[in-house]
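The primary structure of each chain is shown beneath.
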Amino acid sequence: MNYETVRGALTNRGLVQPKSQIELTPTDEEFYLSLFGFDNSIFEHLEVNRDPQTGKTTVSGFAGSYFAEFLYFDIDRDGDLPGSLEATRDLLRRLYNRFQLSPKQLFLCFSGSKGFHVGLHQSLFGGFAPSPQLPLQLNVLAARLLAECHELTLAELQTKSYEAKQAGGQFADVDLGIYNNNRLFRVINSRNRKSGRYKVGLTSQELLTLPLEQILTLADAPRPDYKPEAKLTAQTPIPDLSALWEYARTLDVAAFTKATVGSKSAGRGSGPIDRDFFAPPTPGNRNNDLFRQACHLFDHSELYESHVLQLVQSVNLSGSDPLPEDEVRQIVKSAFTRTTRTKGQAAATVLTPEAASGDKVEIWSDWTEEWLDYYTQTPSPMTCLLPEIDEDQEMSLKGKLAVLIGSGGTRKSYFLQNIIAQNVLGYGNRFLYSSMEMGKPETVNRFLDMYFDAEDGVSASKVLQKNARENKEQTRELLRMGSQTVADQLILTSNGGKTVQDYERDIQRTIELYGSLDGLAIDGLSAMGGKGEETERYSRATLELKELAKRYNLFILLICHTTKACAAHTRDARPFVRGSEKILDNSDFSICFANIIDVPRSTPENIQYCSHLAHVKYYNKRGSGKMLNQLLEFDGLRKSFAPSPAPLLNYPDHDAFIREYNKKARQAAKDDDPF
């Protein structure tokens, strides 16, 4: 998630930062964020559109996906602040009467100048899907919502809005013109230079009951302790609002644009391409025009990069002041990266009948071309934590499904989380982690222990828990600083009962938001949803996950549990995998987990385990056929694994332990025999 940030003068545009790096602390200067966020392709766009003379960049003409956390209403009756307040209160009443939407569920602010801001979090609508058309879709949504509140049809609202503008105002004092791609929005607790007041948050009680003079007094200083009255990000969708969002999302965008805000304001992709789309680039906008044209060709044709380069170069040369050839080549390369990096991924729908019918037979040269692409692409190394496994897999794990098998208590989840942490922090890979059976606090605790050092024999999570109770804000800042390293490389979901179709939607949403995804980790198969009895469900799920791994070029890790017949010390858990042996057939390799018997403390009737040791058994069934048995040391403070230098033979498996124990028992009995 990335926002354009503007401090001081509004001319200071062009700086885009990841959300995790933006500090929203009170400030005496003008401070704005873009109303809409950008996916990660914004950084390529900025480079392509950087002015070579001044070095300045612009978000104008961005062709990627936008996202939004809130639908905002900007209520402003120019020159009449009391009227703005009354209009805001009227809107809150109408939202409550029409949708039973409590004012406590809203993000309410005095803008610091002429009006008020009312924010409805996307959770109320079931979430806003990122899209190049999202600004226009929210424009439709805002208009439709306002029409519902005033019991008007959309056509009637358009008529009244037009009449209000002709009279020099806005219908219901709501500005429906703010939903454009490049709109800036003042940040809460920042100071308005003209009025001298701050944009401040308000409780519903304050907004609905306080006299205007008292609200202005509240805005004389920042309100850093203000918090919305409801947990906005975790609200249950309201069916009527979800229906309005579906209406806005599926409305004929081109027709709506033409009827309301004009076809040029929505940006690329909002409607049909007009006859002048491939006209020669205009001076001052050459890079942007050519970039949009190249993106359109990649998006809507099967042309090779070289063909698109020829076409775009022809358009460039037809202009009065063509760009240098190497610059056009760079523009086309950026457009190719922007549109085709995930084009196959975004189009993949491997779980529907339509996808199967869309498969095609190919000739040998088609496959050799893909072979060339595969072995000449930029290396993207990944780790499976253990050097021997990495060497066997050549650190090339994308497109593969690995199953992690073991009974309860064998620390499979810890191992999985270590793989995620190493890939995110050590290799810059982006992982989507589905914790499923584990609560959010415990998941956070484990990653904190892996990320931060222990202090005086106390794990990092325990230290931070104590600090949080003593100084919550200081701990929040420490976590914020630490999270900058992770940024948006770790994506989390905790919902249980997910199907493979659900994971595919998560994958596509992640790609839309952040530009790419490298791995998916699922903890675990038994918590997944689906129809049918267990054996059938598990077989189908692993087959579909393998297909996801190939189509989206992901490394997928899946934790699989065992039947009750598998003891925690069973070193080869494959025969006991719960559900179906098809799980093994559908995977590329497996890793089994077992505990190490603490021999001095154990008897055959009472097996005890070493807390600092673990055993893994790796089998590469699709590749080299290599099998590896490895003794690991487990650091309980850091929740981390490392290969143990101790010989594995020093730690017998269960059968060897029983034989040795019985042998010693017989010897002891013989020694005690007086005869």
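Residues numbered from 1 in each chain as written. Predicted model: local features only at pLDDT ≥ 70, side-chain atom pairs only at ≥ 80, totals over all residues. Heavy atoms only, no water.

Colleague: Hey, could you run me through the pattern of salt bridges in this one?
Modeller: Close approach of charged atoms lets side chains of opposite charge pair. Evaluation of the coordinates by the stated rule reveals 37 salt bridges. The salt bridge partner of Lys639 is Asp449, with a shortest N-O separation of 3.0 Å. Taken as a pair, Lys639 in the loop between strand S18 (627-635) and strand S19 (640-643) and Asp449 in helix H17 (residues 440-451) lie far apart in primary sequence, 190 residues in all. Accessibility expressed as a relative area gives 13% for Lys639, which makes it buried. By relative accessible area, Asp449 is classed as buried at 2%. Asp598 is the salt-bridge partner of Arg601, the closest N and O atoms lying 2.7 Å from each other. The class for Asp598 is buried, based on a relative accessible area of 15%. (Salt bridge = Lys/Arg side-chain N within 4 Å of Asp/Glu carboxyl O. Helix = DSSP H or I, 4+ residues; strand = E, 2+ residues; numbered from the N terminus. Buried < 20%, exposed > 50% of the residue type's maximum accessible area, 1.4 Å probe, protein only.)

Colleague: What's the story with the sheet that holds strand S8 (residues 115-121) in this structure? I'm lost.
Modeller: Strand pairing in a sheet is mediated by backbone hydrogen bonds. Such pairs are either parallel or antiparallel. Read from one edge of the open sheet, four strands run S6-S8-S7-S10, paired in antiparallel fashion. Each end of this open sheet is capped by a strand with a single partner; those strands are strand S6 (70-76) and strand S10 (200-201). Strand direction decides the pairing type here: strand S7 (residues 107-110) and S10, joined by two bridges, are antiparallel. Residue pairing in the sheet places Phe110 in a bridge with Val200 of S10. (Pairing = 2+ DSSP bridges.)

Colleague: Got a minute to help me understand the sheet that holds strand S11 (residues 400-405) in this structure?
Modeller: Strand order across the open sheet formed by nine strands is S13-S12-S14-S15-S11-S16-S17-S18-S19, with mixed pairing between neighbours. Both edges of this open sheet fall to strand S13 (490-493) and S19, since each of them pairs with a single strand only. The sheet shows a mean angle of 25 degrees between the axes of neighbouring strands, direction not considered. Both S18 and S19 contribute to a ladder of four bridges, which runs antiparallel. By the bridge assignment for S19, Leu632 is matched with Pro643. (Axes fitted to C-alpha atoms, helices over the stretch in contact; angles between N-to-C directions.)

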